[in-house]
Amino acid sequence: MSDTNRRSFIGFSFAAVAAVGGAAALVGMKQAWDPLPSVLAGGFTDVELSTLKPGNPITVKWRGKPVFVLKKTEQMDKSDRDLVIGNDRFTIAIGLCTHLGCIPAWKTDVWKCACHGGEFNASGKQTFGPPPKPLDLPSFSLKGTKMVLGETGPEFEKIKNAKA
Amino acid sequence: MAKITKANSLGEWFDQRLNTTAFTKVMMTEYWIPKDINFLWAMGVVLAVTFKILVISGIFLLMYYKPDVNLAFDSVNYTIMQEVAYGWLFRHMHGVAASVIFLIIYIHMFTGIYYGSYKKGREMIWITGMLLFVTFSAAGFSGYMLPWGQMSYWAASVITNLFAGGSLEAWGLVEWIRGGFTVNDATLTRFFMLHVFLLPLAIIGIIAVHFYTLRIPHVNNQEADDIDFDAEAEKYLSGDKKNAKVIPFWPVFLSKDFAVLGVFFVFYFYLVFFHFNFAIDPVNFDPADSMKTPAHIYPEWYFLWSYETLRGPFFDMMGMKAADIGLIIFGMAQGIFLVFPFLDRDPDVLPAHKRPLFNIWFWLLLLDLIVLSVYGKLPPSGANAYVGFAATAVFLVLWILLPIITKIDAKRRGAL
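Residues numbered from 1 in each chain as written. Chains lettered and ligands numbered in written order. Predicted model: local features only at pLDDT ≥ 70, side-chain atom pairs only at ≥ 80, totals over all residues.

This paragraph deals with the confidence of the model for chain B. Residue and element names in this part refer to chain B. Taken over all residues, the pLDDT of chain B has a mean of 94, while the share at 70 or more is 100%. No element of chain B has a lower mean pLDDT than helix 13 (residues 322-336), at 88, and none a higher one than helix 3 (residues 43-62), at 98. This prediction of the complex comes with two scores: 0.90 for pTM and 0.78 for ipTM. (pLDDT = per-residue confidence, 0-100. Helix = DSSP H or I, 4+ residues; strand = E, 2+ residues; numbered from the N terminus.)

Here it is as structure tokens:
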């Protein structure tokens, strides 16, 4: 074995060990920036749907964002996006305008955004102004009349597919 | 081993050990700058001094600031502003300098573009300069978050949202950057680290490289005259200062820079004492609230032009969503200036007034950036939206035209 080969072998070995160590360090650094377990554990919010009054939406804080939950009245339009429990229909939506993220306010029968005049109907669909798409859907699961925001249940999948 | 003898003075003692005489010559008294320049060439030194002001005022703010969502707002608006002696002054100096430094950066950049100081050996000056623009932008953004007011929170929220990549919906990446589902305590502390440690360190490092990139190709001049620096330096050193085309960096060039710096300071301290509000949005005196958005969210003035390219395209085109088109143009706007030297196909270094088409291009770009900035601040409704869209389209077209018009200029001159 010539001297040059021996040296380049040592050189490559050193580079390989350094590369593995460097890559491992990067993985560790990446994970240090991941959301902490306590933050992830706080990402679920329970909402009791049976106590809602028709036509009076509530705003729930979930993962730092407002979530609108509306029990629809008889007069309100039915939509594929409704969550149906027995005879009741609910609208579940993240309460951030899909235009630039302001929080729209409930005015009689629509959500109206004060920032740029966007409007969403009782089903969360955009009906006026700049919003490009309906209000986003938060993931949830259903246990009887209790909704858990943050989990993923079959009811959520159904509405999500109806949306697409 | 250096030859050490008994030193007759402190200067000589250091000279034997650190070679200070030769070092001063190389860095200062025999570092040659062309004579044929104007006040625009002083912007580099103005920037270096403004950065120094930022570091010093920042050190004093750092001693009382608390990077915690429950304490940050009061540590700034009560402790620093009302209790600490001259805390208000350090805050206003820091905030105003952070804003004004971008004005000087833009002047510095457009001086370079006008006089062609970015090509034929000067590419690295331009590229390191643009890296400084990026790191300064990151420092401005991360610092804006620290007072933890409403604008801090929502600007952070909107900007980190951009990393979802529109229809790509990369929320995992957004949550990784934030360390949570929304902008939260982890976001504040990591951006605090970036703002007071990593970014300033990177900036200082890149400034050193930026200065070094100037050494080999030398400073450009008003007529882009190709100077033989060795011959001109010899003329100057032999006493023919009048006919030499160069002057030493110290004391001649810097003394002129200090005069410009004096004028800049009058302007800067006028803002600090009488007009600091322009750099501190009144909305930011409300504490951050994730459940309440301010009526109108807009970035600081120096980000407005690129913000407007983001929201300029407001209707779907060619099967793409408006928001995605905006994001693509916005992404391009961030990177396109970096490759400027390679889009200019003219082989000669000349000031814009000697390049007919490029001259028009230069003023159109400047005008377009001003229009984009103005409309970036206005609400995007009615006619505003169309002006914003048109200005974004012009921005895009100008960059497509750049290689073509620079080639035509060169051909007409007979250089190609």
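With that settled, consider the confidence of the model for chain A. Taken residue by residue, chain A gives an average pLDDT of 89. The fraction at 70 or more is 98%. Confidence, expressed as mean pLDDT per element, reaches its minimum in chain A at helix 3 (residues 154-163) of chain A with 84 and its maximum at helix 1 (residues 3-32) of chain A with 94.

Bringing the environment of Thr111(B) into the picture now. Residues and elements named next belong to chain B. Tracing the backbone shows Thr-111 in helix 5 (residues 87-115). Note on Thr-111: 19 C-beta atoms within 10 Å, which makes it partly exposed. Placed 98 residues apart in sequence, Thr-111 and Trp-13 show a C-alpha to C-alpha distance of 43 Å. With near-sequence residues (within four places) excluded, Thr-111 lies in contact with Leu-40 and Met-43. (Buried ≥ 20, exposed ≤ 12 C-beta atoms within 10 Å, placed from the backbone. Contact = placed C-beta atoms within 7 Å.)

Our focus in this paragraph is the domain arrangement of chain B. Residue and element names in this part refer to chain B. Examined at the domain level, chain B breaks down into domain 1 (37-289) and domain 2 (310-416). One C-alpha centre belongs to domain 1, the other to domain 2, and the line joining them spans 24 Å. Contact residues are listed per partner, giving 20 residues for domain 1 and 15 residues for domain 2. Elements supplying a minimum of two residues to the side of domain 1 that touches domain 2: helix 5 and helix 6 (123-145). Broken down by class, the residue content of the side of domain 1 that touches domain 2 amounts to ten nonpolar, six polar and four charged. (Domains from an automatic or database assignment. Nonpolar A, V, L, I, M, F, W, Y, C, P; charged D, E, K, R; others polar.)

Here we come to the pairing of strand 10 (residues 140-143) of chain A. Residue and element names in this part refer to chain A. Across four bridges, strand 10 lies against strand 11 (residues 146-149) in antiparallel orientation. Counterpart to Lys-143 in the pairing with strand 11 is Lys-146. The antiparallel pairing of strand 10 with strand 11 creates a hairpin that spans two residues between the two strands, and Gly-144 there sits at a positive phi of about 70 degrees. (Pairing = 2+ DSSP bridges.)

Within a beta sheet, neighbouring strands are joined by backbone hydrogen bonds and run either parallel or antiparallel to one another. Residues and elements named next belong to chain A. Reading across the sheet, the four strands line up as 6-7-8-9 and stay open at both edges, with antiparallel pairing between neighbours. Looking at strand neighbours, the two that pair on one side only are strand 6 (105-107) and strand 9 (126-128), the edges of this open sheet. By the bridge criterion, two bridges tie strand 7 (residues 110-112) to strand 8 (residues 119-120) in an arrangement that is antiparallel. Each residue of the ladder has a partner; that of Trp-111, found in strand 8, is Phe-120.

Turning next to the interface of chain B and chain A. Each side of the interface is counted separately: chain B has 23 residues, and chain A has 19 residues. Secondary structure elements with two or more residues in the side of chain B that touches chain A: helix 7 (150-161), helix 8 (171-178), helix 9 (185-215) and helix 13 of chain B.

Another point: the sheet that holds strand 10 of chain A. All names here are of chain A. The antiparallel open sheet is built from three strands, whose spatial order is 1-11-10. With partners counted over all chains shown, the strands left at the sheet margins are strand 1 (45-48) and strand 10, one partner each. Going from strand to strand, the sheet's axes swing by 25 degrees on average, the running direction of each strand aside. (Axes fitted to C-alpha atoms, helices over the stretch in contact; angles between N-to-C directions.)

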